[in-house]
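Analysis of the macromolecular model
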Amino acid sequence: MTYAFDRFLRYDELTAWLHDTAAAHPGLMTVESYGRSYEGRDLWLATITDTSAGAHDTKPAHWVDANIHAIEVTGGVAALHLIHHLLAGYGTDPEVTEAVRTRTFYIAPRVNPDGVEWALADEPVFRRSSVRPWPWHDGHDAPGLRERDINGDGRVLSMRIADPNGAWTPSADEPRLLVHVPPQGLPAGVPRYRLLSEGDVVEHDGFTVPTPAHPQSLDMNRNFPAGWGTAVTGSGNHPLSEPEIDALVRALVARPNVCGYNAYHTAGGVLLRPSSMASDSSLSPYDVWVWNQLGTRGAALTGYTVHSVFDDFTFDKTDTMSGAGDDWAYEHLGVYSWTTEFWDVIQQATGTKAHHHLWYTGPTDAEQLGIYRWAVAHHPEAYADWVPFAHPQLGPVEIGGWDDVFFLSNAPGSRLLHEVRPHAEFAVHQALCSPRLEVLHTKVVALGGDTHRVEAGIANTGWLPTHVTDKARKAHMVLPLVAELSGAPLVAGTARQELGQLAGRAQMNFTHRNDGTPDRVLATWLVQAPAGTTVTVSVRHQRAGSQTVSLTL
């Protein structure tokens, strides 16, 4: 199927595109299921590497996943575009070609297919994440508002109800737009409204409209083990209680060659990094420095700003956003991780980024006015006229206003490709920063008789050290480099040598300009075999890759 990255794909279309793309690129891409969702859908994982230069698990790898949150569908488009970027650039773009030849990319474009399928349905249903009933397993609808497309126009918008005590009033500049009633109130007779999401009111009492949590209140990005707790909204019954997250964690752990992680979300136009639970001052200074180096390149490529989740984006420092995938990847795997929040509608409309606490406080009236005028000029479908509707419980209401999901939270179709394109370049950049194991020196020295010394000079030619993060080094998360000789009996010593970790070029202090060789190690063996015998040296590291060389005595 042809796909121009200008719309959001339903599950069957996404499945077909993945398999068709893999079939068109044998030797570069495979697709496999790494688990099944709550409703039984396969969770697809694309693996991209040049297999003629080595199997996927013999190279350092970069992991990208998307659509943990149901309505954040721009992230899924970005993941699919990354696949396209890698395949289209292989053989034509030198940087992409080098990345695909020497590294592996694991891309899970839809972690939460059930929730996304609800969001993209003809009659959409929007949930934060999983569609599994929780915390009540019977899925009971508590009394109050239940969002749905009640007028059948295929969108879930807002309902406004005339109310002299309402919190909203028409803008003096743009009467279709509602703005906040000022703290001091308004003169009598000025129209005021109460706003509710479009939907039904279950067991309406004629006066109040409670807004209870959805029957499906899980947040799968709070179900990872790092920082998990029952006080975190939507965290589930226990860490990895959700099949989608259990499968994701198992898939990642089964691929110890992963050196970097990025989860694609919306919205905000920012590159977020751990920690969600602690200030930078409590993290390894080296790790913060590396994140800043990577982030500088990411910002230059994408135009997104870089932030610590805890320091910059946590409104209440006593109520953290823990249990997230990026924290888990750093805390438990020891790799540099990111959460990319695509699409900043405020910046698009006004040229100015919103405050870091937008998720909590919402846009100001001035920002909303700027968005409105930009939408009217460029995307008039984003703000619907207020149309009278006879509501079955509330009586006369008007339905209209913002398309929250498909404009405020996600880039409109005409801007999708422009929004996601540069992030593929950032993924390639971070992949190429990973450690890479190479044998740069081999030598056989005849010592007399049938005795020979075999040498293998092993180097990390990547930017990052083989353990990747200082967190991983301190916690002993990464197994050492192993070099092993076969093909001839040893005079002394062992065929298998554990050689520790190798530094990379990512060094904080260059003032002395005295590099030394912390990125290299020399392995030697004494063997006894006739001249002409072939021996094999195998070197491997779980993150930096593996290489095998043959030598003749």
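Residues numbered from 1 in each chain as written. Predicted model: local features only at pLDDT ≥ 70, side-chain atom pairs only at ≥ 80, totals over all residues. Heavy atoms only, no water.

Quick look at the overall build of the protein chain
Helices and strands together make up the secondary structure of the protein chain, namely 14 helices and 24 strands. Each principal axis of the C-alpha atoms in the protein chain carries an extent, and together these give about 105 × 50 × 45 Å. Within the protein chain, contacts between residues separated by at least 24 positions form 75% of all contacts whose residues are at least 6 apart in sequence. Roughly 23000 Å² of accessible area belongs to the protein chain as shown, and the carbon and sulfur atoms make up 53% of that amount. Considering the protein chain, the positive charge centre built from 40 side chains and the negative charge centre built from 62 side chains are found 7 Å apart. (Helix = DSSP H or I, 4+ residues; strand = E, 2+ residues; numbered from the N terminus. Contact = heavy atoms within 4.5 Å. Areas by Shrake-Rupley, 256 points an atom, 1.4 Å probe, with all protein chains shown as cover. Lys, Arg positive; Asp, Glu negative; His and termini not counted. Charge placed at Lys NZ, Arg CZ, Asp CG, Glu CD.)

Regarding the packing of aromatic side chains
Counted according to the given criterion, the structure contains 21 aromatic pairs. Judged by centre distance (6.0 Å) and plane angle (5°), the ring pair of Trp402 and Phe407 falls under stacked. A single burial state applies to Trp402 and to Phe407, both of which are buried. Following the ring pairs from residue to residue traces out a cluster consisting of Trp343, Tyr372, Trp374, Tyr383, Trp402 and Phe407. Sitting over the face of the ring of Tyr11, Arg41 holds its NZ or CZ atom 5.9 Å from the ring centroid. (Phe/Tyr/Trp six-rings, centres within 6.5 Å; stacked < 30°, edge-to-face > 60°. Buried < 20%, exposed > 50% of the residue type's maximum accessible area, 1.4 Å probe, protein only. Lys NZ or Arg CZ within 6 Å of the ring centre and 35° of its normal.)

Observations concerning helix H2 (residues 74-89)
The α-helix winds at 3.6 residues per turn, so residues separated by three or four positions along the chain end up facing the same way. When the terminal C-alpha atoms of H2 are compared, their 22 Å separation across 16 residues agrees well with the 22 Å that a helix rising 1.5 Å per residue should span. Most of H2 is tucked away, with 14 of its 16 residues classed as buried. Taken from the residues just after H2, Gly91 is the one with a positive phi, measuring 90°. (Expected span 1.5 Å × (residues − 1).)

Regarding the sheet that holds strand S20 (residues 490-492)
The four strands are arranged S17-S18-S22-S20 in an open sheet whose pairing can be described as antiparallel. On the outer flanks of this sheet lie strand S17 (437-448) and S20, each paired with one strand and no other. With direction set aside, neighbouring strand axes in the sheet form an average angle of 35°. (Pairing = 2+ DSSP bridges. Axes fitted to C-alpha atoms, helices over the stretch in contact; angles between N-to-C directions.)

Comments concerning the sheet that holds strand S24 (residues 545-552)
The strand order S21-S19-S23-S24 describes an open sheet built from four strands, whose pairing is antiparallel. Either end of the sheet is taken by a strand with one partner, and the two such strands are strand S21 (496-498) and S24. The average undirected angle you get between the axes of adjacent strands in this sheet is 15°.

Brief notes about the side chain of Ser171
Residue position: Ser171 is located in the loop between strand S7 (168-170) and strand S8 (178-180). At a separation of 3.1 Å, a polar atom in the side chain of Ser171 contacts the main-chain amide nitrogen of Asp173. The residues contacting Ser171, other than those within four sequence positions of it, are Leu177, Val179 and Leu369. (Polar contact = N/O pair within 3.5 Å; in protein donor to acceptor, adjacent residues only side chain to side chain.)

Some details on the pattern of salt bridges
Evaluated as defined, the whole model comprises 27 salt bridges. Where Glu117 meets Arg10, a salt bridge forms, and the shortest distance between an N and an O atom there is 3.0 Å. Of this pair, Glu117 sits in helix H4 (residues 113-119) while Arg10 sits in the segment before helix H1 (11-24), and the two are 107 residues apart along the sequence. Its relative accessible area of 13% is what places Glu117 among the buried residues. Its salt-bridge partner being Arg132, residue Glu242 comes within 2.8 Å of it at the nearest N-O pair. Here Arg132 lies in the loop between H4 and strand S5 (144-147) and Glu242 lies in the loop between strand S10 (199-202) and helix H5 (243-253), a separation of 110 residues in the sequence. On the accessibility criterion, Arg132 (11% relative accessible area) is buried. Through salt bridges that share partners, Glu39, Arg41 and Asp114 make up one connected network. (Salt bridge = Lys/Arg side-chain N within 4 Å of Asp/Glu carboxyl O.)

Quick notes on the pairing of strand S14 (residues 336-342)
The element S14 is largely enclosed, with a buried count of seven among its seven residues. Sheet topology note: the strand S11 (residues 258-266)/S14 ladder contains seven bridges and is parallel. The partner of Tyr261 across the bridge, within S14, is Ser337.

Considering the pairing of strand S13 (residues 305-308)
Where strand S12 (residues 270-273) meets S13, four bridges bridge the pair, whose relative direction is parallel. Across the sheet, residue Val270 finds its bridge partner in S13, namely Thr305. Chirality of the crossover, the property in question, places the unit of S12, helix H6 (residues 285-302) and S13 among those that are right-handed. (Right-handed = clockwise from strand over helix to strand, strands pointing away.)

A look at the side chain of Ser37
Following the sequence through the fold, Ser37 ends up in the loop between strand S1 (29-36) and strand S2 (42-48). Filtering out sequence-adjacent residues up to four positions away, Ser37 remains in contact with Leu43, Pro113, Asp114, Pro243 and Glu244.

Things to note about the environment of Thr58
Structurally, the position occupied by Thr58 is in the loop between S2 and strand S3 (61-66). Between the C-alpha atom of Thr58 and that of Arg543, which follows or precedes it by 485 residues, the distance is 8.7 Å. Setting aside residues no more than four positions away along its own chain, Thr58 makes contact with Gly545 and Ser546.

Digging into unusual backbone geometry
In the segment running from Thr266 into Ala267, the intervening peptide bond is cis, with an omega of 0°. In this structure, Ala267 sits in the loop between S11 and S12. Note that the residue after Pro274, namely Ser275, is joined by a cis bond; omega there is 15°. Within the secondary structure, Ser275 sits in the loop between S12 and H6. You will see that Phe5, though not glycine, has its phi angle at about 60°, which is positive.

Considerations on the environment of Ala78
Following the sequence through the fold, Ala78 ends up in helix H2. Along the chain, Ala78 and Leu416 lie 338 residues apart, while their C-alpha atoms are 8.4 Å from each other.

Side note on the state of the cysteines
By the definition in use, this model includes zero disulfides. Free of any disulfide, Cys259 has its nearest neighbouring cysteine sulfur in Cys433, separated by 11 Å. Overall, Cys259 belongs to the buried group, its relative accessible area being 3%. (Disulfide = S-S within 2.5 Å.)

No statement about biological role is implied by the geometric values presented.
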